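Letter by letter, the chains look like this.
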Amino acid sequence: MDAAASKRRTSDLGVASNTLIMAFTARLALRMGRVDASGRVKLVLPVSDRRSSDRRGNALRSITVMVDPDACRNDPRALQRDMKAALASLIRHGDDLSPVLPLIPYVPLWLARHLERAALGADLPVGCSLAGELPLDVHRPCGEASLLQIAPLERYTAAELERLGGLLFILCHRVGERLFATVSGYAKDRVTTRAELAPIVRDALADMGLCGALS
């Protein structure tokens, strides 16, 4: 996506860029059917806890925000307020999960899958990671790259995805004048291929007044 166009859209809506991406994620979750009984989306966001000279693995905490995907389409300001409140609560009270995250690389895959479900919850959670602006050098590993995609290294079997209740995870970052979003999504019998996911992503972007090139 064009970063300048996205910034103009956030200005029109009166919110920060992260809020706009979260609202897009909520609309995408709605279109994939990942909502609770009340129609809300459970957004789970990692929060960096890394400090200067910090060499911990997985130096992360997390917040959870319940989002009304219909309300945030035209006015995501309530979503922004809820996110700020969740961050303030994290600062004051901490969380229960972050102390065990450094252990993840050392546990068997089957246990990691159980921990993943425990971390996100069993009620159709949606992961949204907002990496922010990356240095331009990241875009030049051996010349100027035309596309920079950051994706999870994990690979799931269909059985694992069904046991998790499907999957939706969005990773967003900016490099220079472009904003990139990597979408990993699976919903049994509904969205199981890239071809099925692409039009849903395009429609969710349009919901928030955004457009981009899909690849």
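A. View of the nonpolar core. One finds L28, I63, V67 and L168 to be the most contacted residues of the largest nonpolar core, which totals 40 residues. Elements that contribute at least two residues to this core include exactly α2 (17-31), β1 (41-48), β2 (60-67), α4 (77-93), β3 (125-133), β4 (167-175), β5 (178-186) and α7 (194-207). No other element matches α2, which puts eight residues into this core. Each residue touching L168, except ones within four places of it in the same chain, is listed here: T25, L28, A29, M32, R34, P125, V126, G127, V183, S184 and G185.

B. Structural view of the environment of K188. Mapped onto the fold, K188 is located in the loop between β5 and α7. You can call K188 exposed: its relative accessible area is 52%. When the C-alpha positions of K188 and G166 are compared, they lie 6.6 Å apart, and in sequence the two are 22 residues distant.

C. Main features of the sheet that holds β3. The five strands lie next to each other as β2-β1-β3-β4-β5, forming an open sheet whose pairing is mixed. At either margin of the open sheet sits one strand with a lone partner, and together these are β2 and β5. On average, each strand axis in the sheet is inclined to that of its neighbour by 20 degrees, with strand direction left out of account.

D. Region of the structure containing the environment of T193. Of note, T193 is situated in the loop between β5 and α7. At 3.2 Å, the side chain of T193 and the backbone nitrogen of E196 are in polar contact.

E. Representation of the pattern of salt bridges. Per the counting criterion, the structure on display carries nine salt bridges. Where R40 meets D36, a salt bridge forms, and the shortest distance between an N and an O atom there is 3.9 Å. Judged by relative accessible area, which is 23%, D36 ranks as partly exposed. Its salt-bridge partner being R61, residue D49 comes within 3.8 Å of it at the nearest N-O pair. One end of the pair, D49, is in the loop between β1 and β2; the other, R61, is in strand β2, with 12 residues separating them in the sequence.

F. Layout of α4. With 17 residues, α4 should cover 24 Å at 1.5 Å per step; its first-to-last C-alpha distance of 24 Å lies within 8% of that length. Every buried residue of α4 is listed here: L79, Q80, M83, A86 and L90. End-on, the buried residues of α4 take up no more than an arc of 125 degrees, which puts them together on one face. Along α4, exposed side chains directed more than 90 degrees from the buried face belong to R81, K84, I91, R92 and H93. If you follow the buried residues of α4, they end up packed against α2, β1, β2 and α3 (71-74). With its phi angle positive at about 70 degrees, G94 sits one or two positions after the end of α4.

G. The side chain of T19, seen in detail. Summarising the element assignment, T19 is placed in helix α2. Separated by 2.8 Å, the side chains of T19 and Q80 make a polar contact. If sequence neighbours within four positions are ignored, T19 has contacts with P76, L79, Q80 and M83.

Here is what the cut-offs are and how they apply
- Residues numbered from 1 in each chain as written.
- Predicted model: local features only at pLDDT ≥ 70, side-chain atom pairs only at ≥ 80, totals over all residues.
- Heavy atoms only, no water.
- Core = buried A, V, L, I, M, F, W, Y, C linked by side-chain atoms within 4.5 Å.
- Buried < 20%, exposed > 50% of the residue type's maximum accessible area, 1.4 Å probe, protein only.
- Helix = DSSP H or I, 4+ residues; strand = E, 2+ residues; numbered from the N terminus.
- Contact = heavy atoms within 4.5 Å.
- Pairing = 2+ DSSP bridges.
- Axes fitted to C-alpha atoms, helices over the stretch in contact; angles between N-to-C directions.
- Polar contact = N/O pair within 3.5 Å; in protein donor to acceptor, adjacent residues only side chain to side chain.
- Salt bridge = Lys/Arg side-chain N within 4 Å of Asp/Glu carboxyl O.
- Expected span 1.5 Å × (residues − 1).
- Arc of directions from axis to C-beta.

Just geometry here; none of it tells us what the structure is for.
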